[in-house]
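# Structural overview
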Amino acid sequence: MSKQDLSHSVPPSSSRPSVTAKLINGGVAGLVGVTCVFPIDLAKTRLQNQHGKDIYKGMIDCLMKTARAEGFLGMYRGAAVNLTLVTPEKAIKLAANDFFRQLLMEDGMQRNLKMEMLAGCGAGICQVVVTCPMEMLKIQLQDAGRLAVHRQGAASAPSSSRSYTMGSASTHKRPSATLIAWELLRTQGLAGLYRGLGATLLRDIPFSVIYFPLFANLNKLGFNESTGKASFAHSFMSGCVAGSIAAVTVTPLDVLKTRIQTLKKGLGEDSYSGITDCARKLWIQEGPSALMKGAGCRALVIAPLFGIAQGVYFIGIGERILKCFE
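None of the values given here were measured: they were computed from a predicted structure. (Residues numbered from 1 in each chain as written. Predicted model: local features only at pLDDT ≥ 70, side-chain atom pairs only at ≥ 80, totals over all residues. Heavy atoms only, no water.)

## Some remarks on the packing of aromatic side chains
Heads up, the rule is: For Phe, Tyr and Trp, rings pair up if their centres lie within 6.5 Å, where Trp contributes its six-membered ring, and each pair is then called stacked (planes under 30 degrees apart), edge-to-face (over 60) or tilted (otherwise). Buried means the residue's accessible area, taken with a 1.4 Å probe over protein chains only, is under 20% of the maximum for its type, while exposed means over 50%, and partly exposed covers the values in between.
Across all of its chains, the model carries four aromatic pairs by this definition. Judged by centre distance (5.6 Å) and plane angle (50°), the ring pair of F72 and Y76 falls under tilted. With relative accessibility at 57%, the residue F72 sits in the exposed group. Classification of Y76 as partly exposed rests on a relative accessible area of 22%. Among the aromatic residues, ring-to-ring pairing joins F38, F72 and Y76 into one connected group.

Okay, structure coming up:
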C-alpha cells in the first residue's frame, strides 16, 4: 500500500518542521498506518482480483475466510514489503515536495493552492520510483491466498499461466518478496519490477489533484483566528473526508493497476497487455461495476491513514525525537 500523500495532509503553519522531522513523522505515520489497516488493504486486493463473487462475498467475508484458512498473520501477507520500503518512499516524496515547492513558489510557503497541488503531484511522480515495485511485490503476496483457494476449486484443471516460475517448484509453494523480486530481475530486468508504472501514475496523480484542494478548502472552514490554524479534530476530519473521497474517486484506476500488476492468474482469468486492454476486458466481461471493486475498502484504508498522519504531525513525534539528540 503506498499511503498516498500522507506527508502532505497537514496544513502549513508559520513554524514548519524541518525536512528531517517531516521524514521521521512521515515514516512513523506510514509504519503505524500499515500495521493498523493492512488487513483491509489485503481484502481490497483480493476483491479487486477475483472475477465475480466466487470466493469472497465482500470485505468481511474475505477477512473471515483469510483468518480461518491462513491464520491471523495471513492477513498481513506482504506487510513486510511495505514496512521495509515506507521510509525511503517518504524520503523521496518529502525531498521532491520541498524541491518543487521552492521551484514553484518564492518562499516555499503555501500561498497558491494550484502551485501547492502541482508540487504535490511532482512529488507523487517521483515517489513511484519506490511505490511501483513496492506495490508490485505486495500484490503478489496478498493475492497468493486467493489463488490457493482458487486452485483447490479447480484441482483437476491444468495450472494457469505464470509470469514467474521457480523451475520445478510446486505452484502451491508460498512465495516470498525476495524470491519474486529475484525472478523478475532475472527474467525481465528492472522492467519486471516496474510493471504497471503507467497505471500507478494514472492513479496517484488524480488522487493528488482531488485531495489537495479539497482538503485545503475543508480545513479552511475550521480556521481559528486566535490560534492561526484549524483545530486538530477539524484537520483530522478534513483529512479523512478528503482522503476517502479522493480514494473512492480513483478506485477504477486502482482496479486496473491491481489487475495489471498481478502476475499469477487463476484458471480462466485474463492477462492484460496494458491499461486499455485491461479496461476493455473488464468492462465487457464483468460490467462497469467491476471498476468499483474494493471502493469501500479503499475508503476504510485511506481515512485512518490520514487520521494517523494528522496525529503524528500534531503531536510532533519527529521534533520530539530530534530534541533528544540536541
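Once the structure has been displayed, the description carries forward.
## Quick notes on the pattern of salt bridges
Rule in force here: We define a salt bridge as a contact between a side-chain nitrogen of Lys or Arg and a carboxyl oxygen of Asp or Glu at a distance within 4 Å. The way it works is that DSSP assigns letters per residue, a run of H or I at least four long becomes a helix, a run of E at least two long becomes a strand, and they are numbered from the N terminus.
What the rule picks out here adds up to 18 salt bridges. One salt bridge in this structure joins D41 and K44, with 3.9 Å as the shortest N-O distance. Note that D41 and K44 are positioned in helix α1 (residues 19–49) at a spacing of three residues, about one turn of the helix. For D41, a relative accessible area of 4% translates into the label buried. The residue R146 makes a salt bridge to D143 at a minimum N-O spacing of 2.7 Å.

## Brief notes about the confidence of the model for the protein
Which entries qualify depends on this criterion: What pLDDT reports is the predictor's confidence in each residue, on a scale of 0 through 100. For this analysis, residues touch if any pair of their heavy atoms sits within 4.5 Å.
Here the protein shows a mean pLDDT of 81. Residues at 70 or above account for 85%. When the elements of the protein are averaged for pLDDT, strand β2 (residues 229–230) gives the smallest value, 77, and helix α9 (residues 251–261) the largest, 96. The low-confidence segment residues 7–14, where pLDDT is below 50, has 23 contacts with residues more than four positions distant or belonging to other chains. Below a pLDDT of 50 lies the segment residues 156–171, which in the model reaches 24 contacts outside its immediate sequence neighbourhood of four places, other chains included.

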